[in-house]
Amino acid sequence: MTDQNEPTTPSTGEAPPASEPVKAAKQGRLTSLRRDPKGWLVLLLGIGAPLAFVVAAAGGGIGLWGWQAGLAALPWIALTAVLTLILAIVFIILNRRKGQKTRWPLLGLGLLGSLGFLAFLIPYVSAILTLPAIHDITTNLADPPQFSALTLRADNWDNIPGADDSDMRGMNPRQRWATVHQDAYPDIRSVRIDQPVAVVIEKAQRLAEDRGWKIISIDPAAGHLEATDTISLFRFKDDVVIRARAAENGAASIIDMRSVSRVGVHDIGANAKRVRRFLSDLSGTTTTASE
């Protein structure tokens, strides 16, 4: 005998399992994404720009094409990121005017990719606009350390800014370089360290090796070290020479440093940054040598 209050399961019209509404909701979201051409467009452009930058830089770095070709692509890649940002904003505004809800998953990812890439570029653009187009940085403009094992680039004094500046009329390229260098980097000067020359150069060698620089030549007794630093995805090589001269009967040393890019006209401040950080770590302070 069956209890009349006991629920029975009809042979037809059974309630669907609990998992089926979840599956249906997921399928609905996937369908919505597939039907979001605006979102896909912003996503592809927003993610494509930084990926294109990586390809352009890394390709130049490993020699698939010249570094000039890689750099030439950057303005177009940056423009793509800017246009992607504008496009995303336009889509959002149009959706609001039409009373439609913005589909954020794809559009949001593309927007973030574009914004992140542009934020990454800001320091470089700022450096190009505010720093002079030079690539040879030293602590001693009157008597810069000289390379012996490495060779200073043949075009080192070509394209120095100021040729059309009335304030530098009559100056040769080296004099113009010293002038714009002093104006842009007045803080980069010789430093004094209370240690003998050989000790300072050996410490400089350890610091250079810790940074991954390739030591080309070292002579602690003569107070001379040369090295090469390879930077960025482009694999740019910058050559460095460090010179230590005895002071106070050998109890202290006056340190000068020079960092030169092998290619390019504008180093976007990379050499100055290298000199500052290295000498700060070498001396433990930023004390300038007295003149």
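Not measured: the values here are computed from a predicted model.

### As for the nonpolar core
Logical step 1: In this structure, Ile242, Ile255, Met257, Phe278 and Leu282 are the most contacted members of the largest nonpolar core, which totals 31 residues.
Logical step 2: Elements with a minimum of two residues in this core: α5 (173–184), β2 (191–193), α6 (197–210), β4 (224–231), β5 (236–247), β6 (252–261) and α7 (270–283).
Logical step 3: Counting residues per element, this core draws most heavily on α6, at six residues.
Logical step 4: When neighbours within four sequence positions are excluded, Met257 is seen to be in contact with Ile137, Thr138, Thr139, Pro145, Trp213, Val240, Val241, Ile242, Arg274, Val275, Phe278 and Leu279.
Logical step 5: With 20 residues, the next largest nonpolar core counts Val42, Phe91, Leu111 and Leu118 among its residues.

### Quick word on the pattern of salt bridges
Logical step 1: Scanning the entire structure with this criterion turns up twelve salt bridges.
Logical step 2: Asp194 is the partner of Arg192 in a salt bridge, and the nearest nitrogen-oxygen pair spans 2.5 Å.
Logical step 3: Note that Arg211 is salt-bridged to Asp281, the shortest N-O span being 2.5 Å. Of this pair, Arg211 sits in the loop between α6 and β3 (214–219) while Asp281 is found in helix α7, placing the two residues 70 residues apart along the sequence.
Logical step 4: By relative accessible area, Arg211 is classed as partly exposed at 31%.
Logical step 5: Owing to a relative accessible area of 40%, Asp281 belongs among the partly exposed residues under this scheme.
Logical step 6: When salt bridges that share partners are traced, they join Asp143, Arg243, Arg245 and Asp256 into one network.

### A few points about the packing of helix α3 (residues 67–97) against helix α4 (residues 104–130)
Logical step 1: Where α3 contacts α4, the axes come no closer than 9 Å and their chain directions differ by 140°. As far as their axial angle goes, α4 and α3 are oblique. The chirality of how α3 crosses α4 is left-handed. Taking contact as the criterion, the partners of Ile77, Ala78, Ala81, Val82, Thr84, Leu85, Ala88, Phe91 and Ile92 in α3 are, on α4, Trp104, Leu107, Gly110, Leu111, Ser114, Leu115, Phe117, Leu118 and Leu121.
Logical step 2: Of the residues in the contact of α3 with α4, the class split is 15 nonpolar, three polar and no charged.

### Digging into unusual backbone geometry
Logical step 1: Backbone geometry places Ser232, a non-glycine residue, at a positive phi of 65°.
Logical step 2: By the element assignment, Ser232 lies in the loop between β4 and β5.
Logical step 3: By relative accessible area, Ser232 is classed as partly exposed at 43%.
Logical step 4: The phi dihedral of Asn249 is positive, around 60°, even though this residue is not glycine.
Logical step 5: Asn249 gets classed as exposed once you look at its relative accessible area, which sits at 87%.

What counts and how
Residues numbered from 1 in each chain as written. Predicted model: local features only at pLDDT ≥ 70, side-chain atom pairs only at ≥ 80, totals over all residues. Heavy atoms only, no water. Core = buried A, V, L, I, M, F, W, Y, C linked by side-chain atoms within 4.5 Å. Buried < 20%, exposed > 50% of the residue type's maximum accessible area, 1.4 Å probe, protein only. Helix = DSSP H or I, 4+ residues; strand = E, 2+ residues; numbered from the N terminus. Contact = heavy atoms within 4.5 Å. Salt bridge = Lys/Arg side-chain N within 4 Å of Asp/Glu carboxyl O. Axes fitted to C-alpha atoms, helices over the stretch in contact; angles between N-to-C directions. Parallel < 35°, antiparallel > 145°, perpendicular 65-115°, else oblique. Left-handed = near helix turned anticlockwise from the far one by under 90°. Nonpolar A, V, L, I, M, F, W, Y, C, P; charged D, E, K, R; others polar.

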